[in-house]
Amino acid sequence: MLAEALALSAVLFAIGVIGVLTRRNAIIIFMCVELMLNAVNLSFVALSTLYGASGQVFVVFTMTVAAAEAAVGLAIIIAIFRHVKTVNLQNINLLKG
Amino acid sequence: MQPNEFHPIAYSAAFYFFGLTALASAIAFVTRKSPVAAAMWLVNVMFCLAGLYVMLDAQFIGAIQVLVYAGAIMVVFLFVIMLLNLGHASELADARGRWGQVLALLVGLALVAPLLALSKGDLLNRMIPPDLAARAAAAAAAPTAGGVIGPVAEPLFKEYLLAFELTSVLLLAAIVGAVVLGKRRTDAR
């Protein structure tokens, strides 16, 4: 089952990357990042069946960082939305010269 | 790792069920236009992954996955979607053009091909430590103090104690940052 779990992790990660590259809604892009973090967690847990529980400890840390990232990132999205009234990244182009 | 009490065929069937459901939900997630529908499919992915964690002998991680990811993080996402009130899904057509999608698909395939090759190939067999069977037997023979949480808690509070403490600082910084960023700006004098 280890190979299947790792393959599923790889495919989920690629789906997350494709989502980040194809979507323009900032919130959905953010959720795609969460999906990628979940894919990495799956490989950690799958490999922890071979190498002991350290992998699971790393999953706990990953989840903490994901929670912190979600809180700050969504606050940034709300702050941006107050300024430009959109979360479509096509319309958020202040840095375009 | 304790041996699974499942029948092997039932174990495989459940494993493939959770895995394929997670895969289908992930594909549905990136193709939905409405952010709420996408969030719901992502919650489904997370529940399936929690099932997989339990089947991979990581019961504590499975419970945490449901509580933290599906229960807390996704609720925050749904709150923000609701707060922003983005309008109807049909007005939100936010996917990039055809060429952007083709390019993204190529990038995804280029990314997944080597990873799949790694997970299928001989490398995995070489990664298995030679004393795996002996360690598994020792783990099965030893009394499991602390049940399923003990093996996770022990390295967390001994080997990785510094990282654990630093995590609390990170969370504090995130709380303060989120409050400051989310605060409505009072008129600057």
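Residues numbered from 1 in each chain as written. Chains lettered and ligands numbered in written order. Predicted model: local features only at pLDDT ≥ 70, side-chain atom pairs only at ≥ 80, totals over all residues. Heavy atoms only, no water.

Digging into the overall build of chain A
Then step 1. Broken down by element type, chain A carries 3 helices and 0 strands.
Then step 2. Secondary structure of chain A in N-to-C order comes out as α-α-α.
Then step 3. Radius of gyration (C-alpha) of chain A: 16 Å, far over the 13 Å computed for a compact globule of 97 residues.
Then step 4. Considering only C-alpha atoms, chain A reaches an extent of 50 × 25 × 20 Å along its principal axes.
Then step 5. The buried share of chain A, reckoned over its 97 residues, is 63%.
Then step 6. Look at the contacts in chain A between residues 6 or more apart in sequence, and 58% of them connect residues 24 or more apart.
Then step 7. Working note: accessible area of chain A is about 3,600 Å², and carbon and sulfur atoms make up 71% of it. (Helix = DSSP H or I, 4+ residues; strand = E, 2+ residues; numbered from the N terminus. Rg over C-alpha atoms; globule rule 2.2 N^0.38 Å. Buried < 20%, exposed > 50% of the residue type's maximum accessible area, 1.4 Å probe, protein only. Contact = heavy atoms within 4.5 Å. Areas by Shrake-Rupley, 256 points an atom, 1.4 Å probe, with all protein chains shown as cover.)

Side note on the nonpolar core
Then step 1. Counting residues in each nonpolar core, the largest one holds 56 residues, and the members touching the most others are I27 and M31 of chain A together with F77 and L84 of chain B.
Then step 2. Listed by contribution, the elements that provide at least two residues to this core are α1 (2–22), α2 (26–51) and α3 (54–84) of chain A together with α1 (8–31), α2 (35–55) and α3 (59–84) of chain B.
Then step 3. Here the element with the most residues in this core is α2 of chain A; it accounts for 12 residues.
Then step 4. Those residues in contact with M31 of chain A that lie beyond four places of it in its chain are F29, P35, A38, A39, L42, M74, F77 and I81 of chain B.
Then step 5. Formed by 5 residues, the second largest nonpolar core is a distinct cluster that contains V57 of chain A together with V152, L156 and Y160 of chain B. (Core = buried A, V, L, I, M, F, W, Y, C linked by side-chain atoms within 4.5 Å.)

Description of the packing of α3 of chain A against α3 of chain B
Then step 1. Close contact between α3 of chain A and α3 of chain B brings their axes to 11 Å; oriented N to C, the two are set at 5 degrees. The angle between α3 of chain A and α3 of chain B places the two elements in the roughly parallel class. Mapping the contact onto sequence places Q56, V59, V60, M63, A66, A67, A70, L74, I77, I78 and F81 of chain A in α3 of chain A and F60, I61, I64, Q65, Y69, I73, V76, F77, V80, L83 and L84 of chain B in α3 of chain B.
Then step 2. For the contact of α3 of chain A with α3 of chain B, the per-class residue count stands at 20 nonpolar, 2 polar and no charged. (Axes fitted to C-alpha atoms, helices over the stretch in contact; angles between N-to-C directions. Parallel < 35°, antiparallel > 145°, perpendicular 65-115°, else oblique. Nonpolar A, V, L, I, M, F, W, Y, C, P; charged D, E, K, R; others polar.)

Notes on the interface of chain A and chain B
Then step 1. Between chain A and chain B, the residue contacts involve 66 residues of the former and 78 residues of the latter.
Then step 2. Summed over both partners, the interface of chain A with chain B comes to about 6,500 Å²; 78% of that surface belongs to carbon and sulfur atoms.
Then step 3. Across the contact surface, chain A and chain B share 0 salt bridges.
Then step 4. Across the contact surface, chain A and chain B share 6 residue pairs in polar contact (both at pLDDT 80 or more).
Then step 5. Ranked by residues supplied to the side of chain A that touches chain B, first place goes to α3 of chain A with 24 residues. (Buried area = accessible area lost by both parts, 1.4 Å probe. Salt bridge = Lys/Arg side-chain N within 4 Å of Asp/Glu carboxyl O. Polar contact = N/O pair within 3.5 Å; in protein donor to acceptor, adjacent residues only side chain to side chain.)

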